[in-house]
Amino acid sequence: MLRRLTIRDFVIVDRLELEFQTGFGALTGETGAGKSILLDALGLALGGRADAGAVRAGRDKADIAAEFDLPTDGSLSDWLAAQDLPADEDMAILRRVVEAGGRSRAWINGVPVTQAQLREAGERLADIHGQHAHHALLRGDAQRALIDAHAGAVSLAGEVAELFRGWHRLVELRRTAEQDSAASGRERELLAWQVDELRNLAFDADEWSEINQEHGRLAHAAGLMEGADEALATLGEGEAAVTTLLRHINVRVDAMADIDPGLGDVRELLSGAAIQADEALHALRRYRDRLDLDPQRLAEIERRIGGVTDLARKYRVDPEGLPELLDDWTRKLDELVARADPVHLAEQEAQARAVYEQAASRLSAARRPAAERLSHEVSEAMQMLAMAGGQFAVALEPCAPSLHGVETVEFRVAANPSQPLRPLAKVASGGELSRIGLAIQVMTSRDSATPTLIFDEVDVGIGGGVAEIVGKLLHRLGSERQVLCVTHLPQVAACADWQWNIAKSNRGNEVVSAVTPLATEGRIEEIARMLGGVNITDTTRRHAAEMLGVNVAT
């Protein structure tokens, strides 16, 4: 569950540190006070999209951190371990910083992560239902996604889509092979010749570097030999040789240093010079002994270099780019060879279709019980939500194989017992859609493993006794997990286990938002405000206390 939320310089929030409780909590306040802003901040910490508008005016950055208990099912712990991220003291701290320029950074338990990683972790910790979420239920893709999630078949649906794509790639390859076999044959023949040419070259990057170095030595062998001979003569031959002179001077200075210790540094320098000159002489002799004129080897290397450079020039690449070119052409040739055999492609196509159909059948088998269960649960909830006799059904209609399986998913509703089931998008009024959408969200949330559920004004469009029933549904849901709800309805707020008031105020030239946890008296006043508006009377307060089940003195 969500334990703590810390917000710095986010929209109209300057500094907030909020400690959350278990059960069902209601966030209430005047319109525009910042209730939904708190959930927006939490959404950022959970990996939502960020922009510079999130930063409070005049500040450099917004900083949001959310602290959660690790879910008991171990799903997040396993994910953290797989990502090589720490799980500190059985909790997860998700942090997001958005800079005024729009750049954002993210951390999990103090370790930098990508936004995608933050979002993956957030999906395992909290689920936010927005105030317009019921409108998304009018779309077929949203209905299908909800059923797949309800059935625990999201990964299977992704597998089906990938198998469908692979199958249809083979369909296109077979059709191309059947329609253009002559042109494909000419292209294949040319490409095979080019691939053989590159393979026969047997280019190797390490060998290329070595033969270029060897070519440099052999091409300049005469000059290197002449220079080595001259250096050897100067260093080590005759009385005027450098090494001979250095040894002579070294002996002389050594005797002088015995008389005058002030020449000690000079003696050390000359001694070192004599040793280094002697080592250079021996090294140069070894080098000269290895040098030799080898016209045959030079010609061989020049033929090799010429062959490589000619082929590189022919195909307009650097010599180092020849291996990559060979890989590209080999892959393309393999594709052309595959296309050249329509019969073999047809066999592969049939195999791919069979694998797809098996996966699609498993997806259908997972969807059917989930659709039946959701149909029954939402229909029951409709009876409580002032839609007596109403019915909800998830229709799975067979269709041609597609990315999404072999059936379409459609939500259908009959608001009254005398009406037939018809598509939700065509028959539900605004108020009916709000109630049905809320029922669907609550029912699907019951099956979710997410420990924290957040509802942002999902009760828009309802009121009266229906609002009280919604509050009781959320309260019942709160007995199983943590539930937070932003609401304007006193009936919903009165059902909460705890309540916060969000208000904004002027501080100098700034508008800031503040959060106040409400005790019993505070809840009575807040619910009385929600009931009675500006002028709160004793009667309104008694009504508010009655809704909370609190006795007040008369």
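Residues numbered from 1 in each chain as written. Predicted model: local features only at pLDDT ≥ 70, side-chain atom pairs only at ≥ 80, totals over all residues. Heavy atoms only, no water.

Enquirer: Explain the pairing of strand β10 (residues 405–414) residue by residue, including any values.
Expert: Look at any regular strand and the pattern is simple: side chains alternate between the two faces of the sheet. With nine bridges joining them, strand β9 (residues 391–402) and β10 adopt antiparallel strand pairing. Of the residues in β10, the one forming a bridge with S402 is G405. Two successive antiparallel strands, β9 and β10, enclose a turn made up of two residues. Two elements, β10 and strand β11 (residues 422–423), share two bridges in a ladder whose sense is antiparallel. Residue pairing across strands places V413 opposite R422, the latter belonging to β11. (Pairing = 2+ DSSP bridges. Helix = DSSP H or I, 4+ residues; strand = E, 2+ residues; numbered from the N terminus.)

Enquirer: Please provide a residue-by-residue account of the environment of I147, values included.
Expert: If you trace the backbone, I147 turns up in helix α5 (residues 140–150). Taking the C-alpha atoms as reference, I147 lies 9.9 Å from F411; in sequence the two are 264 residues apart. Discounting residues that sit within four places of it in the chain, I147 has contacts with R367, A370, A371, L374, V394, V409 and F411. (Contact = heavy atoms within 4.5 Å.)

Enquirer: Now, about the packing of helix α19 (residues 520–532) against helix α20 (residues 538–548): what can you tell me, with residues and values included?
Expert: The axes of two packed helices give the description: the angle between them and the distance between them. Axis separation between α19 and α20 bottoms out at 8 Å; the angle between their running directions is 115°. Regarding the angle of α19 to α20, the classification is roughly perpendicular. Here the hand of the crossing between α19 and α20 comes out right-handed. Of the residues in α20, those touching α19 at R523, I524, E525, I527, A528, L531 and G532 are T540, R541, H543, A544, A545, M547 and L548. The residue makeup of the contact of α19 with α20, split by class, is eight nonpolar, three polar and three charged. (Axes fitted to C-alpha atoms, helices over the stretch in contact; angles between N-to-C directions. Parallel < 35°, antiparallel > 145°, perpendicular 65-115°, else oblique. Left-handed = near helix turned anticlockwise from the far one by under 90°. Nonpolar A, V, L, I, M, F, W, Y, C, P; charged D, E, K, R; others polar.)

Enquirer: Quick rundown of α20? Include the residues and the values.
Expert: For α20, every residue scored as buried is listed here: T540, A544, A545 and L548. Seen end-on, α20 carries its buried residues on one side only, within an arc spanning 135°. Structural note: α20 exposes D538, T539 and E546 on the side pointing more than 90 degrees away from its buried face. Residues of α20 that are buried sit in contact with α18 (490–494) and α19. Just past α20, the residue G549 takes up positive phi, approximately 75°. (Buried < 20%, exposed > 50% of the residue type's maximum accessible area, 1.4 Å probe, protein only. Arc of directions from axis to C-beta.)

Enquirer: Got a sec to walk through the side chain of Q491? Specific residues and values, please.
Expert: By secondary structure assignment, the location of Q491 is in helix α18. Contact partners of Q491, with chain neighbours within four places excluded, come to G464, A467, E468 and M547.

Enquirer: Please set out the packing of aromatic side chains residue by residue, giving values where relevant.
Expert: A complete count under the given rule lists nine aromatic pairs for this structure. Connected via pairs of aromatic rings, a cluster forms that spans F20, W498 and W500. Across from the ring centre of W107, 4.6 Å away, lies the NZ or CZ of R95, which sits over that ring. (Phe/Tyr/Trp six-rings, centres within 6.5 Å; stacked < 30°, edge-to-face > 60°. Lys NZ or Arg CZ within 6 Å of the ring centre and 35° of its normal.)

Enquirer: An account of the sheet that holds strand β2 (residues 13–19) is requested, with residue identities and associated values reported.
Expert: Where strands meet in a sheet, backbone hydrogen bonds hold them as pairs that are either parallel or antiparallel. Overall, antiparallel pairing links the six strands, which are arranged β2-β1-β4-β5-β6-β7 in an open sheet. On the outer flanks of this sheet lie β2 and β7 (111–113), each paired with one strand and no other. Taking each pair of neighbouring strands and ignoring which way they run, the sheet shows an average axis angle of 15°. Two strands pair when backbone bridges link them, and strand β5 (residues 91–99) and strand β6 (residues 104–108) are joined in this way by five bridges, in the antiparallel orientation.

Enquirer: Which residues make up the sheet that holds strand β8 (residues 126–129), and what are the values?
Expert: Sheet architecture is open: six strands sit in the order β8-β12-β13-β3-β14-β15, paired in mixed fashion. Edge positions in the sheet fall to β8 and β15 (510–518), since each has one partner strand and no second. Across the sheet, the axes of successive neighbouring strands diverge by a mean angle of 20°, strand direction being ignored. Sheet topology places strand β3 (residues 24–28) next to strand β13 (residues 482–486); four bridges connect them, and they run parallel. Across the sheet, residue G25 finds its bridge partner in β13, namely L484. On top of the sheet, helix α1 (residues 35–45) reaches β3, β8, β12 (452–456), β13, β14 (498–507) and β15; it is set at about 140° to β12, its chief contact. Those strands touched by α19 are β3, β14 and β15, and its axis lies near 70° from that of β14.

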